[in-house]
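Residue-level structural notes
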Amino acid sequence: MKITDKVKQAAISAAVKQGLSYLEKDPETNIPKLMALVDKYSPDDWYVGQRNAIRNAIKDKDSNWYQLIMRIYDLDPEVRKVFFQNFIINASLKGSARQDEVAAENNCNVPWAILLDPTSACNLHCTGCWAAEYGHKLNLSLETIDSIVRQGKELGTYMYIYTGGEPTVRKKDLIKICEMHPDCEFLAFSNGTLFDEEFCDEILRVKNFVPAFSLEGSEEANDGRRGEGIYQKVMHAMKLLKDRHLPFGVSTCYTGANVDSVSSEEYFDHLVDCGALFAWFFHYMPVGNDASPELLLTPDQREKMYHSIRDFRSTKSIFTLDFQNDAEYIGGCIAGGRQYLHINANGDVEPCVFIHYSNCNIKDTSLLDALKSPIFQAYHDNQPFNENMLRPCPMLENPQILPRLVKETGAKSTDLQSPETADHLCGKCGQYAECWKERADQLWEKTLGKKKAKAAE
């Protein structure tokens, strides 16, 4: 890293720390003054866009962003302090700079976050869940998870996200990893059924663990996919965390069956009332030989999600992200290590949580070598997969691409139960991609037109 870059990084880190300390004294009074303090310590050309966005968001005390910040200041003070240190400073400032450095040195992607499956075991059998294809007997050992995190930190990665299976089947090990790496932030996608008083007390103790509960809309819509009574168990888990002033969010997979429920204002208001600080939305992917293509959305349904999430993002005090429709903000597909990668419970290093093909296993390959493996290099060399950011995926919207990459790199299916060829997987997406293309192009043209008009102002 250049000396000038190190100086800039140190300056912005100092500004953030000073600003956060300033806010702690009286957040309601000092939030509007925050950016003046950050500007004082920051080089004029450093994070200009981000600083302006924050400045605009906190000017109006009635804005949803201001209200979201105030909700964050209702969290346990020590948990909030650890979160800010790990997420903002370690993962997003110090970590990103190191990631850029390693990426340039090795001509490969280096991820901001690593998704990993502690176990393939799960206590539910949800309709359309891709994780079930791995079976229910695989586990990453505590030593392997520790090694992944240690290697990741050397590359600048301080954000780790557990998928599965159901990660909380391994409660004690998840807490142990938090203790072993207090400088990292750990998030877990969870069905919420295994949260109890003792586990929530442990989360409060370690301070660097954040759950994201799987919800599919209303109680009827949710239990229709996940099983009777699951919705109320999630509500109970949320209450346990809210009572302890702990942060948590929601993960929602939207399909053709639940799109009306999860795009409604009632759904967003309910998430806020429950105490969720963020909601991550995932487009249904027909992964696995037995997946149901009929759950894919129509162009009208996907456009409905596109507008709904954007509308509520500007009006509700909850941070929302739609991974399929928000690619314009991150330049397309984020998989293949560009922003994240996935390591399954068998140790296979995959470019995406939905793309189950690999050239290597973390048990006998270093993390850096995995990022330089053929399938990851193919992602690195071919991203973005489409100039229309509403068609980012090499499977869902560009189904002709993934089979070619898998064939050229010799990547093998990591599905141990029923291996699926890339041709079969992407064959289920062909009609969807063709139908979505026209609508996506129309929406993208409008987006480009708005950007050009704004630039001309």
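Placed above this text is the structure.
These remarks concern the structure in this document. (Residues numbered from 1 in each chain as written. Predicted model: local features only at pLDDT ≥ 70, side-chain atom pairs only at ≥ 80, totals over all residues. Heavy atoms only, no water.)

A look at the overall build of the chain
Short version of the rule: Numbering goes from the N terminus for both helices and strands, where a helix is a DSSP run of H or I of at least four residues and a strand is a run of E of at least two. Relative accessibility under 20% of the residue-type maximum defines a buried residue, over 50% an exposed one, and the middle range a partly exposed one, all with a 1.4 Å probe and only protein chains included. Note on contacts: a residue pair qualifies if any of its non-hydrogen atoms lie within 4.5 Å across the two residues. All accessible areas in this document rest on Shrake-Rupley with a 1.4 Å probe, and a residue is counted as covered only by the protein chains that are shown.
Secondary structure assignment for the chain yields 19 helices and 11 strands. With 457 residues in all, the chain has 58% of them scored as buried. In the chain, the proportion of contacts linking residues at least 24 apart, taken out of those at least 6 apart, comes to 72%. Of the roughly 19,500 Å² of accessible surface on the chain, a fraction of 52% belongs to carbon and sulfur atoms.

So, unusual backbone geometry
Following G164, the chain continues into G165 via a peptide bond in cis, with omega recorded as 10°. Take G165: it is sitting in the loop between β2 (159–162) and α8 (171–180). A cis amide bond links Q383 with the next residue in sequence, P384, at an omega value of -5°. Here P384 lies in the loop between α16 (374–382) and α17 (401–409).

Notes on the side chain of T252
Basically, it comes down to this: Counting of polar contacts relies on pairs of N or O atoms within 3.5 Å, with two restrictions inside protein: one atom must be capable of donating a hydrogen and the other of accepting it, and residues adjacent in sequence are counted only when both atoms are side-chain atoms.
If you trace the backbone, T252 turns up in strand β5 (residues 249–254). Within polar-contact distance, the side chain of T252 engages the side chain of Y267 at 2.6 Å. Contacts of T252, omitting those with residues within four sequence positions, involve L215, E216, V262, Y267, W280, F281 and F282.

Let's talk about the sheet that holds strand β8 (residues 340–343)
This is how it is decided: Strands were regarded as paired on the criterion that DSSP finds at least two bridges between them.
The mixed open sheet is built from nine strands, whose spatial order is β7-β6-β5-β4-β3-β2-β1-β8-β9. The open sheet has two edge strands with one neighbour each: β7 (319–322) and β9 (349–350). Here strand β1 (residues 113–116) runs beside β2; their pairing, made up of four bridges, is parallel. When the bridges of β2 are listed, A113 appears paired with M159.

Here we look at the nonpolar core
Filter applied, for reference: By convention a nonpolar core is built from buried Ala, Val, Leu, Ile, Met, Phe, Trp, Tyr and Cys residues, the set being connected through side-chain atoms within 4.5 Å.
Among the nonpolar cores identified, the biggest contains 121 residues, and F209 and M395 are the most heavily contacted of them. With eight residues, the single largest contributor to this core is helix α11 (residues 230–243). With sequence-adjacent residues up to four places away left out, M395 is seen in contact with M285, V287, I355, L402, L425, C426 and C429. Among the nonpolar cores identified, the runner-up in size contains 10 residues, and V16, I58, I89 and L93 belong to it.

Considering helix α14 (residues 299–313)
To keep things clear, this is the line we draw: By this rule, a helix spans an expected 1.5 Å times one less than how many residues it contains.
Spanning 15 residues, α14 covers 21 Å between terminal C-alpha atoms, matching the ideal 21 Å at 1.5 Å per step. Of all the positions in α14, only Q301, R302, E303, M305, Y306, S308, I309, R310, F312 and R313 are classed as buried.

Section: the pattern of salt bridges
Put simply, the test is: Criterion for a salt bridge: a side-chain nitrogen of Lys or Arg within 4 Å of a carboxyl oxygen of Asp or Glu.
Within this structure, the stated rule accounts for 24 salt bridges. One salt bridge connects R205 with E202, and the closest N-O pair in it is separated by 2.9 Å. Of this pair, R205 and E202 both sit in helix α9 (residues 197–206), three residues apart, roughly one helical turn. Owing to a relative accessible area of 40%, R205 belongs among the partly exposed residues under this scheme. Note on E202: relative accessible area 28%, which makes it partly exposed. Put simply, R313 and D326 hold a salt bridge, and the shortest N to O gap is 2.4 Å.

Notes on the pairing of β2
Short version of the rule: A clockwise path from the first strand over the helix to the second, with the strands pointing away from the viewer, defines a right-handed crossover.
Where burial is concerned, the two faces of β2 agree: the one with M159 and I161 and the one with Y160 and Y162 are both buried. As paired elements, β2 and strand β3 (residues 185–190) share four bridges and run parallel to each other. Opposite Y160, over in β3, you have F186 as the bridge partner. Tracing the backbone out of β2, into α8 and back to the parallel element β3 gives a crossover that is right-handed.

Let's talk about the packing of helix α7 (residues 142–155) against α8
Counted only if it meets this: Interaxial angles span 0 to 180 degrees and are taken between N-to-C directions of axes, which are lines fitted to C-alpha atoms, for helices over the stretch in contact. What makes a crossing left-handed is the near helix being turned counterclockwise from the far one by less than a right angle; a clockwise turn instead makes it right-handed.
As a packed pair, α7 and α8 sit with axes 11 Å apart at the nearest point and diverge in direction by 35°. Here α7 and α8 pass one another in a crossing that is right-handed. Residue-level contacts link L142, I145 and D146 of α7 to D173, K176, I177 and M180 of α8.

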